[in-house]
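For reference, the chains in residue letters:
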Amino acid sequence: SSSKGNKALSNPIGLITADEVATAGGVYGSSNSSYYLYTGHYYWTMTAFNYKSDARVFNVWSDGNLVDNGVDGMRGVRPVINLASDVTLSGTGTASDPYVVEGAE
């Protein structure tokens, strides 16, 4: 029912992509704990690596390393929410002061 956006996304929440991890500072095959997406936990991306002999996707390891792995392992997920450019955020993102999106429908 929103009047914003192009309505191409029926669900504007998805998993992070390997491109987004790389843009934030993740490097394939290299540990990095200093970029803002570093969590110290393993998590999936939604980006395929290959389909040749087995299905493989990009993952982020607990050391911040962007790698490829088979889809048979257990990993966490990293959701991404698309926000309009005219919204504002308040709060610090903690449990006692969560982020609040203001101006969204």
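Residues numbered from 1 in each chain as written. Predicted model: local features only at pLDDT ≥ 70, side-chain atom pairs only at ≥ 80, totals over all residues. Heavy atoms only, no water.

*Asks:* Which residues make up the nonpolar core, and what values do they have?
*Replies:* Membership of the largest hydrophobic core is limited to 11 residues, which are Ile16, Ala18, Val21, Ala24, Tyr35, Leu37, Tyr43, Phe58, Val60, Leu66 and Val80. Of all elements in the fold, only α1 (18-24) and β3 (56-60) reach the threshold of two or more residues within this core. Setting aside chain neighbours within four positions, we find Phe58 in contact with Ala18, Tyr28, Trp44, Thr45, Thr47, Ala48, Phe49, Leu66, Val67 and Asp68. (Core = buried A, V, L, I, M, F, W, Y, C linked by side-chain atoms within 4.5 Å. Buried < 20%, exposed > 50% of the residue type's maximum accessible area, 1.4 Å probe, protein only. Helix = DSSP H or I, 4+ residues; strand = E, 2+ residues; numbered from the N terminus. Contact = heavy atoms within 4.5 Å.)

*Asks:* Got a sec to walk through the side chain of Asn65? Specific residues and values, please.
*Replies:* Tracing the backbone through its elements, the reader meets Asn65 in the loop between β3 and β4 (66-70). Those residues in contact with Asn65 that sit more than four places away from it in its chain are Val27, Tyr28, Gly29, Ser30, Ser31, Asn32, Asn59 and Val60.

*Asks:* Describe the pattern of salt bridges, with residues and values.
*Replies:* Throughout the structure, instances matching the rule amount to 2 salt bridges. Residues Arg56 and Asp54 are paired through a salt bridge, measuring 3.3 Å at the closest nitrogen-oxygen approach. The class for Arg56 is partly exposed, based on a relative accessible area of 21%. Take Asp54: its relative accessible area is 32%, and that puts it in the partly exposed class. Its salt-bridge partner being Asp68, residue Arg56 comes within 2.8 Å of it at the nearest N-O pair. Residue Arg56 is located in strand β3, and its partner Asp68 is located in strand β4; the two are separated by 12 residues in the primary sequence. The class of Asp68 is buried, set by a relative accessible area of 15%. Connected through salt bridges with shared partners, the residues Asp54, Arg56 and Asp68 form a single ionic network. (Salt bridge = Lys/Arg side-chain N within 4 Å of Asp/Glu carboxyl O.)

*Asks:* So, the pairing of β3: which residues are in play, and what are the values?
*Replies:* For β3, the tally of buried residues reaches 4 of 5 residues, placing the bulk of the element in the interior. Relative to β3, strand β2 (residues 43-50) runs antiparallel, the two sharing 4 bridges. By the bridge assignment, Ala48 is partnered in β3 with Val57. What sits between β2 and β3 in their antiparallel hairpin is a turn of 5 residues. As paired elements, β3 and β4 share 5 bridges and run antiparallel to each other. From the neighbouring strand, Val60 faces β4, where its bridge partner is Leu66. If you look at the hairpin formed by β3 and β4, you'll find 5 residues sitting between the two strands, and Gly64 has a positive phi there, around 85°. (Pairing = 2+ DSSP bridges.)

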